[in-house]
Amino acid sequence: LFRKINKLTGQTPRELISSSRINMAMQMLTNNMYNISEIAYKVGFNDPKYFSRCFKNQSGLNPKKYRESILKKRGQEGSDADMNFLSKAIAQVEKKVMEPNYDNKQFATDLCVSKSSLYRKLKDDIGLSPCELIRSVKINHSTKLFEKHSNIQDIAYAVGFYDSKYFSRCFKKELGLTPTEYKLLISKPDLR
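Basis of the calculations
- Residues numbered from 1 in each chain as written.
- Predicted model: local features only at pLDDT ≥ 70, side-chain atom pairs only at ≥ 80, totals over all residues.
- Heavy atoms only, no water.
- Helix = DSSP H or I, 4+ residues; strand = E, 2+ residues; numbered from the N terminus.
- Expected span 1.5 Å × (residues − 1).
- Buried < 20%, exposed > 50% of the residue type's maximum accessible area, 1.4 Å probe, protein only.
- Arc of directions from axis to C-beta.
- Axes fitted to C-alpha atoms, helices over the stretch in contact; angles between N-to-C directions.
- Contact = heavy atoms within 4.5 Å.
- Nonpolar A, V, L, I, M, F, W, Y, C, P; charged D, E, K, R; others polar.

Caption draft 1: Molecular detail of helix H8 (residues 115-126). Helix length check: H8 (12 residues) gives 16 Å between terminal C-alpha atoms against 16 Å at 1.5 Å per residue, within 8%. Burial in H8 covers these residues: Ser117, Leu118, Lys121 and Leu122. Each buried residue of H8 lies within a common arc of 120° when the element is viewed along its axis, so the set occupies one face. Immediately downstream of H8, the backbone of Gly127 shows phi near 80°, a positive value.

Caption draft 2: Region of interest: the packing of H8 against helix H9 (residues 130-145). Where H8 contacts H9, the axes come no closer than 9 Å and their chain directions differ by 65°. Of the residues in H9, those touching H8 at Leu118, Tyr119, Leu122, Lys123 and Ile126 are Pro130, Glu132 and Leu133. In the contact of H8 with H9, the residues fall into six nonpolar, no polar and two charged.

Caption draft 3: Region of the structure containing unusual backbone geometry. If you check the backbone angles, Cys112 has positive phi at about 60° while not being a glycine. Along the chain, the position of Cys112 falls in the loop between helix H7 (104-111) and H8.

Caption draft 4: Layout of the side chain of Ser19. Residue position: Ser19 is located in helix H2 (residues 13-28). If we skip the residues at most four places from it in the chain, Ser19 touches Gln11 and Gln58.

Caption draft 5: View of the environment of Met33. Tracing the chain through its elements places Met33 in the loop between H2 and helix H3 (36-42). Among the residues examined, Met33 registers a relative accessible area of 22% and is labelled partly exposed. In this structure, Met33 is in contact with Glu38, Phe85, Val113 and Ser117, ignoring residues within four places of it in sequence.

Printed below as a string of structure tokens:
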């Protein structure tokens, strides 16, 4: 096996396996879905530091610099993949908008990513943590309910808040108005 692989590839079996793993890692580094340690484990390395050394030996750059160079080339900041992920994330929260116990752990599970990857991805893309995004979607959904309902406590419960006072604080933080002020504003169009 050693002689045959060496004859065909010019590498030892160990070098060939390591090279294949590094090539897989290079593909995974082209997006921000996983951090470098997660990629190291996913491609079969038990030690992220050893992975970084092997990666640098093969590509000439450490994994972080390699990722940065790829993302600069692609203009990753506003890519379709990021927008698709964000749309999927918001749609997932909207499905669960009425659940008061919906948290970032369940959110990450629903999106099939780790909590740390979800946090990093959302912070990089929109500057919000998963909890902040959940709260923001719930508050924005509540604004639609003001046209049908007048009771603020009912609206708070409808978007998954147990406490209407906490709902009011979050609402004001998100929109700059209390729910009462918002209700008054939409009921009198001439105040807009």
